[in-house]
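Okay, here's what each chain looks like letter by letter:
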Amino acid sequence: MNPLALDLNEQLTQSNPVILDMLSDLGKHMFYPKGILSQSAEAKSTKYNATIGMATDDSGKLYSQTIFDLYQHLDPEEIFPYAPPQGIEELRGLWEEKILQENTDLTQKQISRPIVTNALTHGLSLLADLFVNSGDTVLLPKQNWGNYKLIFNTRHGAELQTYSIFDEDNHYTTDGFVSALENYNNDKVILLLNYPNNPTGYTPTASEVEEISKAIKNLADRGTKVIAIIDDAYFGLFYEDVYTQSIFSALTQIESPNILPVRLDGATKEFFAWGLRVGFITFGIKDEMTKAVLEAKVKGLIRSNISSGPMPSQSAVKYVLQPEHREQFEKDIQKHIDTLKERYEVTKSVVYDEKYKDDWKTYDFNSGYFMAIQVNGVNAETLRKHLIEKYSIGTIALNDTDIRVAFSCIEKDDIPHVFDSIAKGIEDLKA
Ligand SMILES: Cc1ncc(COP(=O)(O)O)c(C=O)c1O
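Residues numbered from 1 in each chain as written. Predicted model: local features only at pLDDT ≥ 70, side-chain atom pairs only at ≥ 80, totals over all residues. Heavy atoms only, no water.

**Q** So what about the packing of helix α16 (residues 380–391) against helix α17 (residues 415–430)? Which residues, and what values?
**A** Contact geometry of α16 with α17 gives a least axis separation of 10 Å together with a crossing angle of 115°. The orientation of α16 with respect to α17, classified from their angle, is roughly perpendicular. Judged by the twist between their axes, the crossing of α16 over α17 is right-handed. Residues T382, L383, H386, L387, K390 and Y391 of α16 lie in contact with α17, whose contacting residues are S421, I422, K424, G425, I426, D428 and L429. Split by residue class, the contact of α16 with α17 holds six nonpolar, four polar and three charged. (Axes fitted to C-alpha atoms, helices over the stretch in contact; angles between N-to-C directions. Helix = DSSP H or I, 4+ residues; strand = E, 2+ residues; numbered from the N terminus. Parallel < 35°, antiparallel > 145°, perpendicular 65-115°, else oblique. Left-handed = near helix turned anticlockwise from the far one by under 90°. Contact = heavy atoms within 4.5 Å. Nonpolar A, V, L, I, M, F, W, Y, C, P; charged D, E, K, R; others polar.)

Take a look at the structure:
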């Protein structure tokens, strides 16, 4: 059991042992992790808060004016009734069109109609409900989003096995993935693929995606049933020549009965609408009966869990995808993507400077909200606290050596100062 859960249970033993007895096994195992949210809370009053998974500038959140305005345009019928468990039908159709436009290798026949979720976390949890038994293996990169552990391991008792996606020089490599799959011997595996990657901001190139696909095909050909969950939270935030379709698109092209690609995407980061809580689950399957069965099962899971998602949020996403609003909306969003790209360029020009070569080694990055560095000679958590106290800079300590910096939340002109201060912080601690 996680030490934090043990600690909570111990407190309950003292304050109310009867309630501890009442808890289910899951209730006993549950805890609130000291992950990104608590590190973010500690950095709340910093001047340069590079901890959070949102995008901001000096005046506040980067959001779409079209979404903000629309609440005056929605009809009461688009706000107050229950949405169906699978989501508003028109929204499902519009999102499907969007998927097909952005993933040109996909055809409508190859995918199920997207089911609306209460954003991506809910989608992950539903897929865990649907596919994960206690003891099943989830294979994921060492560099991953911390919430996967809570969802797949704490909630469902899956065994998480990690592989590295970076070599000793912190360059991206598919070697770790390929060898993890070559050495895999069970009859079922759940793969979690998340690119642009949180926390490192890396997206593979087209040839790297080919290597990933080939390794998955080989594993499936050896008889392992592969559920490939593609977490596309940061889809579209690409700043270099990478594979700009979803990996879901590549995996759906593989002819194998043993591979089930499932895509999770949504408005959260793509539409700069974190609090709306609108996401989608799409299966990469052709067979109509299988599509209908999986949809019925996911609907049942939603019905028995949140009953249905919020109507106003779904109506908002539907509104901006409608042809008459889409052009203006895409302009809003492109402006923010351009802002992030400019910050990415500045970050790239700063972090590889020779003067920092003794301070950190940068993980390859080319997309998304974040980048990560491996710091030299100091503990990442000690550095994180020191940066808050002495330099008013909030970062995320990922482990003993790595720090995540969200350039999505740092104005372009402040980026050089932030990295200069991180270097100073490292030198302070070494002295
Ligand atoms: C990789 C990844 N997946 C999923 C999510 C969750 O997204 P949502 O807010 O839509 O639940 C996040 C949020 O930070 C994320 O970084």
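Back to the write-up after that little detour.
**Q** Summarise unusual backbone geometry; cite the residues concerned and give the values.
**A** In this structure, the amide linkage connecting Y195 to the following residue, P196, adopts the cis form with an omega of -5°. Summarising the element assignment, P196 is placed in the loop between β7 (188–193) and α10 (206–221). In this structure, the amide linkage connecting N198 to the following residue, P199, adopts the cis form with an omega of 25°. As for its placement among the helices and strands, P199 is situated in the loop between β7 and α10. Unlike most non-glycine residues, A119 shows phi in positive territory, near 75°. Mapping A119 onto the fold places it in helix α7 (residues 119–131). A relative accessible area of 0% places A119 in the buried class. The backbone of S392 shows a phi angle near 55°, a positive value even though the residue is not glycine. (Buried < 20%, exposed > 50% of the residue type's maximum accessible area, 1.4 Å probe, protein only.)

**Q** Quick one: what's the story with the sheet that holds β7, residue by residue and with numbers?
**A** The sheet built from seven strands is open, its strands ordered β4-β10-β9-β8-β7-β5-β6 with mixed pairing. Each edge of the sheet is formed by a strand with only one pairing partner; in this case those strands are β4 (115–117) and β6 (159–163). Along the sheet, successive strands turn relative to each other by an average axial angle of 25°, direction set aside. Here strand β5 (residues 137–141) pairs with β7 via two bridges, running parallel. Paired with V138 across the strands is I190, a residue of β7. Packing against the sheet, helix α6 (residues 89–102) makes contact with β4, β9 (259–266) and β10 (279–283), and its axis sits at approximately 110° to β9. (Pairing = 2+ DSSP bridges.)

**Q** Break down the nonpolar core for me, citing the residues and quoting the values.
**A** F152, I216, F271, F283, W360 and I422 are the most contacted members of the largest nonpolar core, which has 127 residues in total. Considering every element that reaches this core, the biggest residue donor is helix α15 (residues 323–351), with seven residues. Two domains each donate at least three residues to this core, and these are domain 2 (36–53 + 331–430) and domain 3 (65–321). Those residues in contact with F152, other than ones at most four positions away along the chain, are L124, A128, V132, V138, G157, A158, L160, L192 and I229. (Core = buried A, V, L, I, M, F, W, Y, C linked by side-chain atoms within 4.5 Å. Domains from an automatic or database assignment.)

**Q** Pulling in residues and values, what's your account of the site of the ligand?
**A** Every one of the 13 residues lining the ligand counts as a neighbour, but T121, N198, D231, Y234 and T268 are closest to it. Here an oxygen atom of the ligand and a side-chain polar atom of Y234 are 2.7 Å apart. Interatomic distance of 2.8 Å between a side-chain N/O atom of R277 and an oxygen atom of the ligand. Protein contact buries 92% of the 400 Å² of open area that the ligand shows by itself. Residue assignment for the shell around the ligand shows that the elements contributing at least two residues are α7 and α12 (267–270). By residue class, the composition of the shell around the ligand is six nonpolar, four polar and three charged. (Near = heavy atom within 4 Å. Polar contact = N/O pair within 3.5 Å; in protein donor to acceptor, adjacent residues only side chain to side chain. Areas by Shrake-Rupley, 256 points an atom, 1.4 Å probe, with all protein chains shown as cover.)

**Q** Before we move on, could you go through the pairing of β7 and cite the residues and values that matter?
**A** Burial analysis of β7 places five of its six residues in the buried class, the great majority of the element. Two elements, β7 and strand β8 (residues 225–231), share six bridges in a ladder whose sense is parallel. Across the sheet, residue L191 finds its bridge partner in β8, namely A228. Between the parallel pair β7 and β8, the chain is carried across by α10, and the sense of this crossover is right-handed. (Right-handed = clockwise from strand over helix to strand, strands pointing away.)

**Q** Mind laying out the packing of helix α14 (residues 311–321) against α15, listing which residues take part and the relevant values?
**A** Contact pair α14 / α15: the axes reach a minimum separation of 5 Å and the direction vectors enclose 90°. Here α14 lies roughly perpendicular to α15, going by the angle between them. Residues Y319, V320 and L321 of α14 pack against P323, H325, R326 and F329 of α15. Per-class residue counts for the contact of α14 with α15 are five nonpolar, one polar and one charged.

**Q** Provide a residue-level description of the sheet that holds strand β14 (residues 396–397), including the pertinent values.
**A** Backbone hydrogen bonds are what pair the strands of a sheet, in a parallel or an antiparallel way. With antiparallel pairing, four strands are arranged side by side in an open sheet as β11-β12-β15-β14. Single-partner strands in this sheet number two, and they are β11 (360–362) and β14. Along the sheet, α17 contacts β11, β12 (370–375) and β15 (402–406); its crossing angle with β11, the most-contacted strand, is approximately 140°.

**Q** Could you give an account of the pattern of salt bridges, with specific residues and numbers?
**A** A full pass over the atoms with the stated rule returns 21 salt bridges. Put simply, K217 and D221 hold a salt bridge, and the shortest N to O gap is 2.8 Å. With K217 and D221 both in helix α10 and four residues apart, the pair spans about one turn of that helix. Between E381 and K385 there is a salt bridge, with its nearest N and O atoms 3.3 Å apart. Taken as a pair, E381 and K385 lie in helix α16 at a separation of four residues, close to a single helical turn. (Salt bridge = Lys/Arg side-chain N within 4 Å of Asp/Glu carboxyl O.)

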